[in-house]
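Structural overview
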Amino acid sequence: MKKISTALSRFTVPLILLVSVWVTANVNWGAQHRKYVITSDGKGYYAYLPAIFIYHDLNFSFFDTIESNYYDEHTKYDYRTGVNGKVTDKYFCGVAVLQAPFFLAGHAMTLLSGDPADGYSKWYVIFTGIGALFYLGTGLVFLRKFLRAHGANEGQSAFILAVIYFGTNLFYYSIVEPCMSHVYSFAMVSLFLFYGKSWIDTANRKHAAMACLAFGLIAILRPVNVLVAAWLLFEAKGFLPLLKKKAALLREPLMLFLCLLLIALPVFVQLMLYKLSTGSFFIDTYSEEGFHFLHPELFNFLFSYKKGLFVYLPVTLVSLGGIYFLWKKDRFRGLFAAVFLTGLIYVLSSWWMWFYGGSFGTRVIIEYLPVFALLLFYLLDGIKMKPVKISVVSLLVVLTLFCQFQTLQYRYYIIHWSEMTKEKYWDVFLQWKK
C-alpha cells in the first residue's frame, strides 16, 4: 500500500499536467477559440512581450491595429493608461518576465511556419498556454515539497494536490485564462514558502537566495502578494526566532547583498520599463483605484453569490478545520494561521472592486492556495477516527467535483462572470446547459 501511495504522489503532478495539456489543446488551440486566450487583464500583462521584442514600442501604439485584427467588440479591452503625457501599460510586468522564454519559443515557431510574426497569431497563443502549464507544474511540485516538509506523507500530498487543483479556480486560470497573473503567482508563492521554510529550518544559503528571488518576482506579479512574507513568522514560530535567522545574514555581508539583489532585480525591471515609457521610475497606474480599508466587504468576499470564496471554492471552507488541529498541536501556529488568513481576507476584501471584475469565483485567493493546502493537511492528519476521516475525504471529493461542474457552467456562460445573485445562482444550480 505504501508503494502505491508513493507512486501516486510522484505521478500526481505529471498526471495533472497531462490532463491539463489535453484540456487546453481542446479549449484554446482551435482558430475560433484563440482570441479568448490573451484577453482582459491578461492583455496588459502580456503586452510587454510584443512591445519589447517585436514593435520596440513601450508606448503600445500597436494596440490599435492588433485590436482590430484579432478582437471583436466583445473581446476588446484597452490596457493602456496615460502618465506624464505618455501612454504606458496599466499592468505590472511580472507575467511577461516569466513568460518571456515561451514567447520567444512561440516567435521562433511563427517565423519557421510563416505565420504573421505580430505577437498574437497562432503559435504565440499556444506557447502562452504551454508557459502557464509549466508554471502550474512548478507550483504543484514545490507545493508538494512544502507539504512534505511539514510532515505530509505521499498519499496525503497526492490527494491534497488534486483537491487544490481540481477543486478550486486554479484549474480554470491555468487553462482558460492563462495570461492572468494567478497561476504565476501561485508558482512563485509555492517556491517562496518552500525555500523560506527550508532556510529557516536549515540555514541553507542557496535556499535563502531562492526565496528572495521568488519574493522579488511576487512583487512584480501582484504587489499586494508581498503579504505572504508574513508567513515566515509561522515557520520560525515567532518574531524573535525569525529575527535571529535574519541576523545571521547580517554577519555574512556577501550573502546579504546577494539576497537583497535578488529581491531588487525584478523590481528594477519594472522601474526601468516605467522610465522608458513615461520618463519616470515611480508612477501610479492605478491612481483612480485603491483599497478602502475602512469599508471592507468581508461578508460579500466570503459568502456572496456574486463571487463568494466559500460559495465557489467550498474546499477552502473545509480546510479551515485544519486550524483547530494545528491549534491543538502548536498554539502559536494555530493562532497565527487564523490571524494571517483574517488579515489577508480583510486586505483583499478592501479593494475598491472587492469582486475583482469578471471572473470565476474569488480569483485573488489562488496565490494563497498553498496555505489552504497546508491547512487541509493538518485537518486530514489530525482526524484520527476512521469514519470521520472517510466522511471528510468523501466531502472533499464531492466538493471538488462540484467545483469542476461550476467551472463548466462558467465556461458556457450559465454562471455569469459578474452578475450573479442569489436568485440567478439557485435558478441555474446544477444546470448543465442553457
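First, a word on what this report is: a plain description of the structure on this page.

**Quick look at a nonpolar patch on the surface**
A cluster of nonpolar residues, F257, L258, L261 and L265, forms a patch on the protein surface that exposes about 350 Å² of accessible area. Here L258 is to be found in helix α12 (residues 253–278).

**As for the packing of helix α18 (residues 369–382) against helix α19 (residues 386–411)**
The contact between α18 and α19 brings their axes to 9 Å, and the two run at 150°. One way to sum up the angle between α18 and α19 is to call them roughly antiparallel. Of the residues in α19, those touching α18 at L376, L379 and L380 are K389, V392, V393 and L396. Looking at side-chain class alone, the contact of α18 with α19 contains six nonpolar, no polar and one charged residues.

**Overview of the packing of aromatic side chains**
Scanning the model with the defined rule gives 55 aromatic pairs in all. Note on W351 and Y356: the rings are 6.5 Å apart at their centroids and 10° apart in plane angle, and the pair reads as stacked. Judged by its relative accessible area of 16%, W351 is buried. An aromatic cluster is built from Y45, Y77, Y91, F92, Y286, F291, F293, Y346, W351 and Y356, whose rings are joined through pairwise contacts. A cation over a ring is seen here: K43 above Y71, with NZ or CZ 3.6 Å from the ring centre.

**Examining the environment of S287**
Of note, S287 is situated in the loop between α12 and α13 (298–303). Overall, the relative accessible area of 57% leaves S287 in the exposed class. Distance from S287 to V83, taken between C-alpha atoms, is 10.0 Å for residues 204 residues apart in sequence.

Rules and cut-offs
Residues numbered from 1 in each chain as written. Predicted model: local features only at pLDDT ≥ 70, side-chain atom pairs only at ≥ 80, totals over all residues. Heavy atoms only, no water. Patch = residues over 30% accessible without salt bridge, like charges linked within 9 Å, V, L, I, M, F, W, Y side chains within 5 Å. Areas by Shrake-Rupley, 256 points an atom, 1.4 Å probe, with all protein chains shown as cover. Salt bridge = Lys/Arg side-chain N within 4 Å of Asp/Glu carboxyl O. Helix = DSSP H or I, 4+ residues; strand = E, 2+ residues; numbered from the N terminus. Axes fitted to C-alpha atoms, helices over the stretch in contact; angles between N-to-C directions. Parallel < 35°, antiparallel > 145°, perpendicular 65-115°, else oblique. Contact = heavy atoms within 4.5 Å. Nonpolar A, V, L, I, M, F, W, Y, C, P; charged D, E, K, R; others polar. Phe/Tyr/Trp six-rings, centres within 6.5 Å; stacked < 30°, edge-to-face > 60°. Buried < 20%, exposed > 50% of the residue type's maximum accessible area, 1.4 Å probe, protein only. Lys NZ or Arg CZ within 6 Å of the ring centre and 35° of its normal.

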